[in-house]
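The lines below spell out each chain.
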Amino acid sequence: PLGRAALTAEFGRQAPVVLEIGIGRGEALLAMARADPATDVIGVDVHTPGIAGVVLGITEHDLTNVRLVHGDALELLDRVAPATFAGIRVYFPDPWPKAKQRRKRLINPPNLARLVGVLEPGGFLHLATDIVDYADQMEAVCSAHPELTGGPIPRPDWRPETRYERRGLDAGRTVTDLWYVRQPADRSSVPSR
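Keep in mind it's a predicted model, so treat the numbers as computed, not measured. (Residues numbered from 1 in each chain as written. Predicted model: local features only at pLDDT ≥ 70, side-chain atom pairs only at ≥ 80, totals over all residues. Heavy atoms only, no water.)

A.B. asks: Looking at this structure, I do not really get the nonpolar core. What am I missing?
C.D. replies: One recurring pattern in soluble globular proteins: nonpolar side chains tend to sit buried together. Core analysis: the largest hydrophobic core is formed by 30 residues, its most contacted members being Leu19, Ile21, Ile88, Ile107 and Leu125. Setting aside anything within four residues of it in sequence, one finds Ile107 in contact with Leu115, Leu127, Tyr134, Gln137, Met138, Val141 and Cys142. Core analysis: the second largest hydrophobic core is formed by ten residues, Ile23, Leu30, Ile58 and Leu63 among them. (Core = buried A, V, L, I, M, F, W, Y, C linked by side-chain atoms within 4.5 Å. Buried < 20%, exposed > 50% of the residue type's maximum accessible area, 1.4 Å probe, protein only. Contact = heavy atoms within 4.5 Å.)

A.B. asks: I'm lost on the pairing of strand 3 (residues 66-70) in this one. Help?
C.D. replies: Pairing between strand 2 (residues 40-45) and strand 3: five bridges, direction parallel. Following the sheet pairing, Ile42 is matched in strand 3 by Arg67. In this region the chain leaves strand 2, passes through helix 3 (residues 48-60) and returns to the parallel neighbour strand 3; the handedness of that crossover is right-handed. (Pairing = 2+ DSSP bridges. Helix = DSSP H or I, 4+ residues; strand = E, 2+ residues; numbered from the N terminus. Right-handed = clockwise from strand over helix to strand, strands pointing away.)

A.B. asks: What is the right way to read the packing of aromatic side chains from this model?
C.D. replies: Describing an aromatic ring pair means giving the distance of the ring centres and the angle of the ring planes. Across all of its chains, the model carries two aromatic pairs by this definition. Seen from their ring centres, Phe124 and Trp179 are 4.7 Å apart, and the 10° between their planes marks the pair as stacked. Placement of Phe124 in strand 5 (residues 119-129) and of Trp179 in strand 7 (residues 176-182) is noted, with a sequence separation of 55 residues between them. Ring centres of Trp158 and Trp179 lie 6.1 Å apart, and the angle between their planes is 80°; on these two criteria the pair is classed as edge-to-face. Residue Trp158 is located in the loop between strand 6 (148-153) and helix 7 (163-170), and its partner Trp179 is located in strand 7; the two are separated by 21 residues in the primary sequence. (Phe/Tyr/Trp six-rings, centres within 6.5 Å; stacked < 30°, edge-to-face > 60°.)

A.B. asks: I'm lost on helix 7 in this one. Help?
C.D. replies: At 3.6 residues per turn, the α-helix brings residues three or four places apart onto the same side. Buried within helix 7 are the following residues: Arg163, Glu165 and Gly168. Contacts made by the buried residues of helix 7 are with helix 2 (27-35). At the C-terminal side of helix 7, Gly172 shows a positive phi close to 85°.

A.B. asks: Sorry, what's going on with helix 2 here?
C.D. replies: Within helix 2, the full set of buried residues consists of Ala28, Leu29, Leu30, Met32 and Ala33. Structurally, helix 2 contributes buried residues whose contacts are with strand 1 (17-21), strand 2, helix 3, strand 3 and strand 4 (85-91).

A.B. asks: Before we go on, may I ask you to explain the side chain of His145 in this structure?
C.D. replies: Examined against the element boundaries, His145 turns out to sit in the loop between helix 6 (132-144) and strand 6. On the basis of relative accessible area, His145 is assigned to the buried category, the value being 15%.

A.B. asks: I keep staring at the pairing of strand 4 and nothing clicks. Help me out?
C.D. replies: A regular strand carries its side chains on alternate faces of the sheet. Most of strand 4 is tucked away: seven of the seven residues are buried. Two elements, strand 1 and strand 4, share four bridges in a ladder whose sense is parallel. The residue bridging Val18 from the neighbouring strand is Gly87, located in strand 4. When strand 4 meets strand 5, the two strands line up parallel, connected through six bridges. Along strand 5, the bridge assignment pairs Phe85 with Leu119.

Structure (structure tokens):
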């Protein structure tokens, strides 16, 4: 499986690795990789033109901290060792708006369990959407997971605006950011504040 040792070999260094699922045209991924060169990023998407655009951005900005996977994120997760990633970002995933399609939404209990499983303890899950009922679903699913703590946060100024976000804002929708942290499975080891 793809684990910390394989990622250290791939990037040629030991650094936190963040998985970004659904990179679109890569605006957020490229901007955040440039702003934080100490963090390695793996972007995954099924959309070929988006992947190609990010490859151009990687070359243009001479980024050594980005790798791409062209394919389905859930298939990638099948090959990832537990507790591999320092963080996972999912910005404006497909909302599957029709009631009969909602089972296809990425953030649901079985998929969330897989995402949490590849997060290291203390790792983050950052979600953003402009679809109110999907934000509600994300919050409910994440809040029900026993290893996650967190919830809605104000929009971070360090998260770049994507074209999907701009489209939603232009249409009058409200963007919701959700931030969760994976706690150790044994909560007795978590110090109280």
